[in-house]
Structures are given as C-alpha cells and as structure tokens.
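# Breakdown of the fold
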Amino acid sequence: MNLLDHRPGTSPVHRAPLGVKYAVLLVLTVVLVAWRQPVVVGAVLAGVFGLYLLARLPGEFLAPWRRGWPLLAFAGVARFASGVFGPVPLSPLDALGPALVVMAAVFGALAAARLLVITTPGTELLDGLAHFFGAFRRFGVNPEAAALAVNVMLRTIPWVGAAVRAHAEALASRGLRRGPVRLMGPVLVATVGHARATGEALAARGLPAAPEPKHPGPDYTRGA
Amino acid sequence: MPTAGPTPVIELRGAVVDLPGAAPAPGQGTGATPGTLRILGPVDTVLAEPVTAVIGANGSGKSTLVRLLNGLVQPSAGTVTVHGLDTVSRVDEVRSRTGFMFTDPLVQLVMPTAGEDVELSLRRTIRHRGERRRAAEAVLAEHGLAGLAHRSIYDLSGGQRQRLALATVLATDPALLVADEPTTLLDLDWTLEVQDLLLSLPGTGRCRQLVYTTHDLDFAARADRCLVVADGRIVHDDDGPGAVAWYRRDVHDRRAARTRPGAGRQERAR
C-alpha cells in the first residue's frame, strides 16, 4: 500500500469538511514548529494519535516513521550537530534532548498531514485545492491547473519509487552495484520523460479545462 | 452513416513536421530551416472512412502522424483539419472533439483510483460532484469495470487498465478517437477485446471516426483503410487487407535484398 493512498472510511475524521481538516493541520503544525517544548510536542503527538484512533486507522500512525525514518534521523542529526558545534556549544548529552524533540515534531507534522491526505478522496482534494488556488486568480493563477499540478505531483511519487526499483534491477542485472549516485541520473531522465508523457496525456484529454495562455518561448513544433 | 454536425473528414494538406536536431538518421531529410530534421511529410491525404489504420516500421513517423490529428504535434508547414477545424488555430475545439488513447495506460491515468480518473474526464461537462460520481460509476459499469471505482490504478491488471484508459477517453464522447498502438502491451484475450471494442465505436454516440496505429497486422487488416508509413511519408494507401499484403511483401522483399551477397548488410540478416 502506498504511503499517500486514500483509505476509505466513514469515521468522523473522514466525514469532516476539508476546510476543518486543513485548519486543524495548520494549527497542529504551527504549534509543533513554534513551541518546541517536550511537553507540548508530546501532547500534540498524543492528539495526532487520537485523530488516527478516531479515523479507525491506528495501525497507520507509525507509517511515516517506517518509510521516512532516514529523513527524520537526518533532521535529528542536524539539530544535534548544530547544538554541539553551534555558537553556544552544548555538551552532547544536552544537545540530545532538542534533537529528539525536533524529530518528534517533524514526525508529528508528517503524520498529521498524511492523515488529511489518506482520509480525503483525490477528487475532493482536487476540488479543495482548486478552491484554495482560486484566491490567487487575480495574480494570473489558473486554479484548476494549479490544483491538478499538485495532485499529479502527489500521485507521481509511487511512480518514481517504481522507477528507482526498475533502474536498480537494471544495474544489478549488469553486475553493477546500486548506489544513489549511479541511480540518480537515469531515474531523473526517466522521470522527466514520464512528466512529458503525462503532460501530453493531459493535453490530449483537454486538461486543464481553462484555455492555457500561449507562452512566448521557443515553440519547436512550428517552423520559423 | 449518420452525418450530424460538421462533415466527418480529416484533411492533411502538405503537412510537415520538423524537429530540432543536427544529424539526420539514415532515411531522414533535413527540415525547412537549418538545424531541424524532417520527421514527417509532406503528407497529403483525406481520411473519410470510419476506420483508418496506420502501419509501418518503428520510428517511421506513425505516432507523429496520429499526434497531428489532435494537435499534440503541430505541423511546421501545411495544414491539418479535423472535421472542419484547424488543429493549430482551433486546437481547444479539436481536443474537445478528439479522444486520444496511448500505448501505456499508466501515462494516461493520472488520478489514484479508477473512479476518480473517470470523474476527471467528466469535470468539464458535469460540475456537480455527486452527479459526476454517479456518472463515473455508470461509465465504469458500461465498460465492465463495475465495482472497481475505489481500486488503485496500480492494482488493476494491464487489460483492465487499458480498458479504463479507453473508458476515460470515451467518457468525453469524442467524435474522433485516435489510438497509438492500443494493444501492444496486452495479452491475446485483452487484445481481441480492445480491438472489437474500438472497431465497434464509429457510428455509436458522437463517435464518427477511429484512427489507430499498430504493429498487429491482423488488427490493421480489419480497418476500412490502411496507410503504410515509411521514412515519414505515406508509401502505400489501400483498404486494410490490401495494404497489409503490400506491407508484408515489401518487408520480405527488402530482407531478401539485404541477404543477397554484396548487399553489405549480411550481419543483420543472420
């Protein structure tokens, strides 16, 4: 199962209006970022877990840790290093506390954001985003296109994961060791190719619906 | 054939496609401006038959030719007119009348679940969310995909995915359906299923014409008309069985010529 796939349900969390979900997410995240006291972070984490319980998805609570622990560990190490080697050097023991709190706070924000995505059907997210981007219409933003772009980006994550696996297999079958540096180039090229193909497919379906402005850049499909 | 709306005719007049590129591959010419390569054309033809197939070697220009028909590729010179609409100046109208089916359905399906992808197609015509959801379920049921609305597109079989891709295209009720190698990735059962479905479309709903490329010569032979493309030009134009017979003979003749001593390409023919 993918990290961001929709888990259908009928719990109060699933049925809550999207605006409320976003408001709660915003409040939780702001508290986690701005108020990094162990007690506060612990309380918010408990609250997020409570929401997972309410959504009847308690088993999903730790998924961001299982899939994203290197990222969280990196945040923790960075905080630890800046504590030990910072302008006011702390002893390693004293720097450990803030590092753990940062990891817990980032984890809490990720878990809360993920709960919003997995309890909301994709089309509803799309409508909500389009509504949100509507506020930027007067700055030349096409809300439908912007919402679609965010949605396509979210749903391309599993595709990139599959591309990484496929290229790792291709390297292994040629007797080469897989490494992030060796993989990055080919996966990047494949991803750009997939993006082009997806764009072509969207254009073929007449999406986004509003007419796109003719961009003044070089147009290779027409002769000079 | 019903003839509602504009005359269902596709016209290509001196259509040419040049792309940037310096070194022409064998069989390729240079484009009209320096630094470009001619990958298609000039193509002059009128397609009025309900079902047209396009066959030819890999890289011959088949895909480019059919991409001209919905404005995904625009001609560098000449004009392409679909049912009376120019594909450059009225590209939005052309696309709203044209459905395009890709070889790989995963490229075409952008939403996480089957139902949501069909809903995406219906966004333009049905604004109300509840109505749209019901319409999407009806479309899925119509295509034998009932009950799969909440299934992730990654969890569908290859055949179901291609069937879903077709359903999302047909949900917009296109007057012209273009398919680029629609059966290449499918097993025999699904190949025949998709072929039968595609061939049955012209004349139903708003659909008037079907144009497809394929390497499956049995499929090509079922078309009313078949174009053989080589090196960016139409080299043969006949009914389905006639063009397929010509293409087979042409390929075998070329291979025979290559294996003759002194032809210089023995290594490929071994």
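This text goes with the structure placed above it.
Here is a short report on the structure shown in this document.

Rules and cut-offs
Residues numbered from 1 in each chain as written. Chains lettered and ligands numbered in written order. Predicted model: local features only at pLDDT ≥ 70, side-chain atom pairs only at ≥ 80, totals over all residues. Helix = DSSP H or I, 4+ residues; strand = E, 2+ residues; numbered from the N terminus. Rg over C-alpha atoms; globule rule 2.2 N^0.38 Å. Buried ≥ 20, exposed ≤ 12 C-beta atoms within 10 Å, placed from the backbone. Contact = placed C-beta atoms within 7 Å. Pairing = 2+ DSSP bridges. Right-handed = clockwise from strand over helix to strand, strands pointing away. Nonpolar A, V, L, I, M, F, W, Y, C, P; charged D, E, K, R; others polar.

### Some points on the overall build of chain B
- On a plain count of helices and strands, chain B comes out with 10 helices and 11 strands.
- Scaling as 2.2 N^0.38, a compact globule of 270 residues should have a C-alpha radius of gyration of about 18 Å, and chain B matches this with 20 Å.
- When the backbone C-alpha atoms are referred to their principal axes, chain B occupies close to 70 × 40 × 40 Å.
- Counting every position in chain B, which comprises 270 residues, the buried fraction comes to 47%.
- Long-range contacts, defined here as pairs at least 24 residues apart, represent 63% of the contacts in chain B between residues at least 6 apart.

### With respect to the pairing of strand E8 (residues 176–180) of chain B
Residue and element names in this part refer to chain B.
- Of all 5 residues that make up E8, 5 are buried, and the element is covered over most of its length.
- Here E8 shows two buried faces, one formed by Leu176, Val178 and Asp180 and the other by Leu177 and Ala179.
- Judged from the 5 bridges that link them, E8 and strand E9 (residues 209–213) form a sheet pairing that is parallel. Within the sheet, the bridge partner assigned to leucine 177 lies in E9 and is leucine 210.
- As for the winding sense of the linkage, the β-α-β connection from E8 through helix H7 (residues 188–200) to E9 is right-handed.

### With respect to the interface of chain A and chain B
- The partner chain B presents 31 residues to the 26 residues of chain A that form the contact.
- At the level of elements, helix H6 (122–133), helix H7 (143–173) and helix H8 (180–204) of chain A are the ones that each hand at least two residues to the side of chain A that touches chain B.
- In terms of residues, the side of chain A that touches chain B owes the most to one element, H8 of chain A, which gives 7 residues.
- Taken together, the residues of the side of chain A that touches chain B break down into 13 nonpolar, 7 polar and 6 charged.

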